[in-house]
Structures are given as C-alpha cells and as structure tokens.
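Here's the letter readout for the chains.
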Amino acid sequence: MRQARDIIREECEILHLTDKQIREIMSRLHNDLIKGLGKDTHATSIVKCWLTYIQDLPNGKERGKFLALDLGGTNFRVLIINLGENHFDMQSKIYAIPSHIMTGTGVALFDHIAECLANFMKEHNVYEERLALGFTFSFPLKQLGLTKGILQRWTKGFSCSGVVGEDVVQGLKDAIARRGDLSLSVMGILNDATGTLMSCAHKEPHCRIGVIIGTGSNACYVEKTENCELFDGEPGKPDLLINTEWGAFGDDGTLDFVRTEFDREVDSNSINPGKQIQEKMISGMYMGELVRLALVKFTKMGLLFGGHGSDLLFQRGSFYTKYVSEIESDKPGDFTSCMEVLEELGLSHATEADMAGVRHVCECISRRAAHLVSAGIATLLNKMNEPRVTVGIDGSVYRFHPHFHTLMCEKIAQLVRPGIQFDLMLSEDGSGRGAALVAAVACRQRLQFA
Ligand code: BGC
C-alpha cells in the first residue's frame, strides 16, 4: 500500500515548476515588460512599468538631514536620517496602522500619518525645522513627476476610500496643511523597490535592480531612457528607473498554466480577487496561507494528523509566513521548530511523519516562490544584458527564510545568458534610506539648477 508520505509528495508535484515552465514564464514576463514600456501598449499592459522620474543614482556624496516616511509593508515608519561624510545615522519609529484605518477613508489615513510625523518630529527636536522629506509609498503609482503620483490600486490588505485615482503627495500635503503646525518640503515619492535600488546603489555601484520579497512583491530596474516611450521628463539622461509592479503579472490569466487550487482559493478569499496574481504566489502576505490550505487538504484526505486537524488549522490566516521560515530552519531529521509551530496550532498529536509532511509542503511552496522571483530577476538581467549587475533585495521573506537566497542564486545562474554575472545583496533598510537618498539627490539637483 502506498504511504501517506508518497501521496503527499505526489500531490505537491503541482507546486514544482519545471525548467520549461519557468522559461515560458520568463518569456511571458518579458513581453509584458515591453508592453508596459510601450506608448501604444502601456494602457492595456498588465505589468505597468511605471516611470519613476529618478534618473540619477546616488553618487555617495549626498549629505544632510532628511525625514522619511515609509508606508506599505506591515508597518508604517517615520525616520530621520543623517547622511554624513563617513557616517550615516538613522533613527526611526514604527507606528501601527490600525485595521480600521487600513480600510477606512484616505483622509483618516493621511491625518494619521501626519500626526505620527508631528509626534516623531517633536520627539527628535526637529518640530520647528523645515526639513526635506522623502516618501516611500509602496503601492502602484502612476508618477507624473518626482513629487506627483496617482494611486492605481491598493494592495496588501489596504483599501482606504477616496485615494485611488488621486495624487498621494497631495493627500499628504493636505493633511499637513489641515494641522497647520509643520513646515516640510516633500522632495520625492518612491516605491520600496526603488528605495532598495537607490540604497544599494549608494554602496555598490553595480546595483541596477531592486527587489522586494516581503509582504508584497515587486522589482525596480534601470532602463535606457530611449526604451521608455512614455517618458516626458528631462531629456538627455541615459537612464531611468522603472518600477515594474510585477506583482500584477498574471492578472490576465498569463500564469494560470502554473496556478493551483491553493492559489485560486487564496485569491478568491482576498480583499482584491483577480489582482496581484504573481504576488499572491510569492509574498509574505500569502505564503503561510498557501501552506495552510495544502495542510487542510491533506488532513481531510487523511494523510496528515491521523485525519484530525484543529480549530486553528481550519481558521483562515492562522498559519503565519514566519512559520515557513521557522520550520525550514530545522536541520534535516530535526523537527524542533516544526513541533513548536504545530503545538501553537493545536496539533500536538502530530507524529514525526506528519512533521516531515508539513516540512515538505513548506519547502515546495517556498521553493516555488523563490523560483518565480528568480524567473523575474533573470528576465530583467537578460533584458538589461549588462555584464555585471548587483541585485539589491529587501523584504521579510528574503531576509528570514533560511534557503531563499541560495535557491535564488542557483536558479538565476541557470536562467541568465552566459556571460552575465550577478550578485544578490541584502538591502539594509532600503525603504527608509532610499527615501532619504531620493530627497538628497533631488536637493542636490535643485541646488545645481538654482
Ligand atoms: C505593491 C508594490 C510594492 C510591493 C512590495 C506590492 O503590493 O504593489 O508597489 O513595491 O508590494 O512592498
């Protein structure tokens, strides 16, 4: 008789992407990127390739004191950053965004942000100063300039009313004006992937791609300005940073040939069904839930836990993505973390075979995510076709998953054109530092042209 272990392995085969499938995904993504950049195809393209209006990478000479706001991951942060000759210091504070604000009105959201900002400035004795501010806003924005960005859609569980279709910088400025007590110059708005690219480029001149694998998924890269058909900014500069918003890849069914029943269920239970399909197969907001759905299925099939789950296992959202990292951190043959997680979920009756099954499910889902991100990065590397590129990466999944980095290095190496050298570099706080750098570069230029 076949053992439960073998059946679980067979069932999980649908989570395995073959090389042929990965190459197909790359070619489809490549087409979508080209469509996003093209004047006549952009409007209907799923991968939008938004222009950022950032054309200069930092040169390491940026100096000064800057404020930064970082909205878009699990937390909202305010930061104050000092860029000095040989030092860089940064202080920051995390503020919660209560869920009634995440799903309330835009006005309430911006008022909350402005209030946190004011409190932070008081605490850091800069309340009276007129500082330059960079705003990392990690949602799809159609930028009309460095300080003007129209929100296209909310992602990652946000749904504040009255913001989609509006200029987010104006929303922030209006909230600051309603208070009437702060004087700031908003120097730039950017995405976290862009921030990651800027922040890594500050340290490592070969950095040309920034990637986020955190609550959401996205990539930004350096494109030749001549390929950006919609660009209407300052002419004459060779490069332009592009915010791909690749998390939306698949929204037109392009990825259906590799999606599974678990992906479809995660999507239909989400706040934005049909949207951010690639992101839902990869990122931290969804990975734990994908694992949970597979575990539920195998329990109901009698393949795990003697067919007996627990209330928590059957509860949506109860399997956190951090569990995947914890479970896969156990050495082979050891199930210490796995046992702890299963106990937390009320599954203390799990046997060693169950734990091996759970770990296998986690491995399949995280490996698939790592391979999908690798396909994306390799597509960009091949498109850019530069001999050596560093990829700056940030986000909780990449940072905390014990094997993500290695899986990606191996896969990307197989997928890039011969002769392309690449490195994956963990970004140190890209969204905060990147916002300060964008503000600093903008101030530098303002002085140059003044
Ligand atoms: C957003 C991107 C962001 C990414 C990572 C996605 O949901 O659309 O703008 O960069 O999450 O935070």
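Residues numbered from 1 in each chain as written. Predicted model: local features only at pLDDT ≥ 70, side-chain atom pairs only at ≥ 80, totals over all residues. Heavy atoms only, no water.

Q: So what's going on with the overall build of the chain? Residues and values would help.
A: Helix and strand counts for the chain stand at 15 helices and 13 strands. What you see for the chain is a C-alpha radius of gyration of 22 Å, in line with the 22 Å of a compact globule of 450 residues. With respect to the three principal axes, the spread of C-alpha positions in the chain is 80 × 50 × 40 Å. A burial count over the chain gives 58% of its 450 residues as buried. For the chain, the share of sequence-separated contacts (at least 6 apart) that also reach a separation of at least 24 residues comes to 71%. For the chain, the exposed surface amounts to about 18500 Å²; the carbon and sulfur share of it is 49%. Side-chain charges in the chain split into 48 positive and 57 negative, and the spacing between the mean points of these groups amounts to 3 Å. (Helix = DSSP H or I, 4+ residues; strand = E, 2+ residues; numbered from the N terminus. Rg over C-alpha atoms; globule rule 2.2 N^0.38 Å. Buried < 20%, exposed > 50% of the residue type's maximum accessible area, 1.4 Å probe, protein only. Contact = heavy atoms within 4.5 Å. Areas by Shrake-Rupley, 256 points an atom, 1.4 Å probe, with all protein chains shown as cover. Lys, Arg positive; Asp, Glu negative; His and termini not counted. Charge placed at Lys NZ, Arg CZ, Asp CG, Glu CD.)

Q: Now, about helix α6 (residues 192-203): what can you tell me, with residues and values included?
A: Taking 1.5 Å per residue as the helical rise, α6 with its 12 residues ought to reach 16 Å, and the 17 Å between its terminal C-alpha atoms agrees with that figure. Burial analysis of α6 places 10 of its 12 residues in the buried class, which makes it a mostly covered element. Among all positions of α6, only D192, A193, T194, G195, T196, L197, M198, S199, C200 and A201 are buried. (Expected span 1.5 Å × (residues − 1).)

Q: Mind laying out the site of the ligand, listing which residues take part and the relevant values?
A: Near the ligand, the surroundings consist of 14 residues, among which T155, N191, D192, E245 and E279 are the closest. Take K156: an N or O atom from its side chain is 2.8 Å from an oxygen atom of the ligand. Here an oxygen atom of the ligand sits 2.6 Å away from a polar atom, N or O, in the side chain of E245. Compared with its free state, where it exposes 310 Å², the ligand has 99% of that area covered by protein. (Near = heavy atom within 4 Å. Polar contact = N/O pair within 3.5 Å; in protein donor to acceptor, adjacent residues only side chain to side chain.)

Q: Got a sec to walk through the sheet that holds strand β4 (residues 88-95)? Specific residues and values, please.
A: Spatially, β4-β3-β2-β5-β8 is the arrangement adopted by the five strands of the open sheet, whose pairing is mixed. Two strands in the sheet have a free side with no partner beyond their single neighbour: β4 and β8 (184-190). Mean inter-strand twist for the sheet, computed between neighbouring axes without regard to direction, equals 20°. The sheet contact formed by strand β2 (residues 64-71) and strand β5 (residues 131-137) spans six bridges and is parallel. Opposite A68, over in β5, you have G134 as the bridge partner. (Pairing = 2+ DSSP bridges. Axes fitted to C-alpha atoms, helices over the stretch in contact; angles between N-to-C directions.)

Q: Before we move on, could you go through the pairing of β5 and cite the residues and values that matter?
A: Both faces of the sheet carry side chains from a regular strand, because those side chains alternate between them. Among the seven residues that make up β5, seven are buried, leaving the element largely enclosed by the rest of the structure. In the sheet, β5 pairs with β8 via six bridges, with the strands oriented parallel. Bridge pairing in β8 places A132 opposite S185.

Q: Which residues make up the sheet that holds strand β9 (residues 207-213), and what values go with them?
A: Read across the sheet, six strands follow the order β1-β11-β10-β9-β12-β13 without closing on themselves; strand pairing throughout is mixed. Since the sheet does not close on itself, it has two edges, and those belong to β1 (50-51) and β13 (421-426), each with one partner. Alignment of β1 against strand β11 (residues 239-243), held across two bridges, turns out to be antiparallel. Paired with L51 across the two strands is I242, which belongs to β11. Packed onto the sheet, α6 meets β9, β10 (217-224), β11, β12 (388-394) and β13 and runs at close to 135° relative to β9.

Q: Lay out the pattern of salt bridges with the relevant residues and their values.
A: When charged atoms on two side chains of opposite charge get close, those side chains can pair. The final tally for this structure, using the stated rule, is 23 salt bridges. Of the charged contacts, one joins K65 and E129 as a salt bridge, the two residues approaching to 3.4 Å between their closest N and O atoms. Of this pair, K65 sits in strand β2 while E129 sits in the loop between α4 (106-123) and β5, and the two are 64 residues apart along the sequence. Of the charged contacts in the structure, one is a salt bridge between D111 and R178, with a shortest N-O distance of 3.0 Å. Here D111, found in helix α4, pairs with R178, found in helix α5 (residues 168-179); they are 67 residues apart in sequence, far enough to count as distant. (Salt bridge = Lys/Arg side-chain N within 4 Å of Asp/Glu carboxyl O.)

Q: Can you break down the nonpolar core residue by residue, with the values?
A: Counting 115 residues, the largest nonpolar core has V211, I213, F319, I377 and M408 as the members making the most contacts within it. No other element matches the 16 residues that helix α12 (residues 352-384) contributes to this core. Ignoring sequence-local partners within four residues, the contact set of M408 consists of I213, A370, V373, S374, I377, I393, Y398 and L424. Formed by 40 residues, the second largest nonpolar core is a distinct cluster that contains F76, I97, F137 and A175. (Core = buried A, V, L, I, M, F, W, Y, C linked by side-chain atoms within 4.5 Å.)

Q: So, the packing of helix α2 (residues 19-37) against α12: which residues are in play, and what are the values?
A: Two numbers describe how α2 lies on α12: the axes approach to 9 Å, and their chain directions differ by 55°. Considering their axes alone, α2 and α12 lie oblique with respect to each other. As for how α2 packs across α12, the hand of that crossing is right-handed. Contacts between α2 and α12 involve I22, I25, M26, L29, H30, L33, I34 and L37 from the first element and H371, L372, A375, G376, A378, T379, L380, N382 and K383 from the second. Taken together, the residues that form the contact of α2 with α12 break down as 11 nonpolar, five polar and one charged. (Parallel < 35°, antiparallel > 145°, perpendicular 65-115°, else oblique. Left-handed = near helix turned anticlockwise from the far one by under 90°. Nonpolar A, V, L, I, M, F, W, Y, C, P; charged D, E, K, R; others polar.)

Q: Give me unusual backbone geometry: which residues, what numbers.
A: Excluding glycine, most residues fall at negative phi; most peptide bonds, likewise, are trans. The residue C49 is not glycine, and still its phi comes out positive at about 50°. As for its position among the elements, C49 is in the loop between α2 and β1. According to the relative accessible area criterion, C49 is buried, its value standing at 2%.

Q: Please give an account of the packing of helix α10 (residues 321-329) against helix α11 (residues 336-344) that cites residues and values.
A: Between two packed helices, what matters for the description is the angle formed by their axes and the separation of those axes. With their axes 7 Å apart at the nearest point, α10 and α11 run at an angle of 145° to one another. Taking contact as the criterion, the partners of Y323, E326 and I327 in α10 are, on α11, S337, C338, V341 and E344. Of the residues assigned to the contact of α10 with α11, the class counts are four nonpolar, one polar and two charged.

Q: So what's going on with the UniProt feature "domain: Hexokinase C-terminal" (unreviewed entry) in the chain? Residues and values would help.
A: Those residues carrying the UniProt feature "domain: Hexokinase C-terminal" (unreviewed entry) are residues 208-441 in this numbering. Helix makes up 46% of residues 208-441 and strand 14%, with an end-to-end C-alpha separation of 17 Å. (UniProt positions renumbered as here; feature names shortened; annotations may be inferred.)

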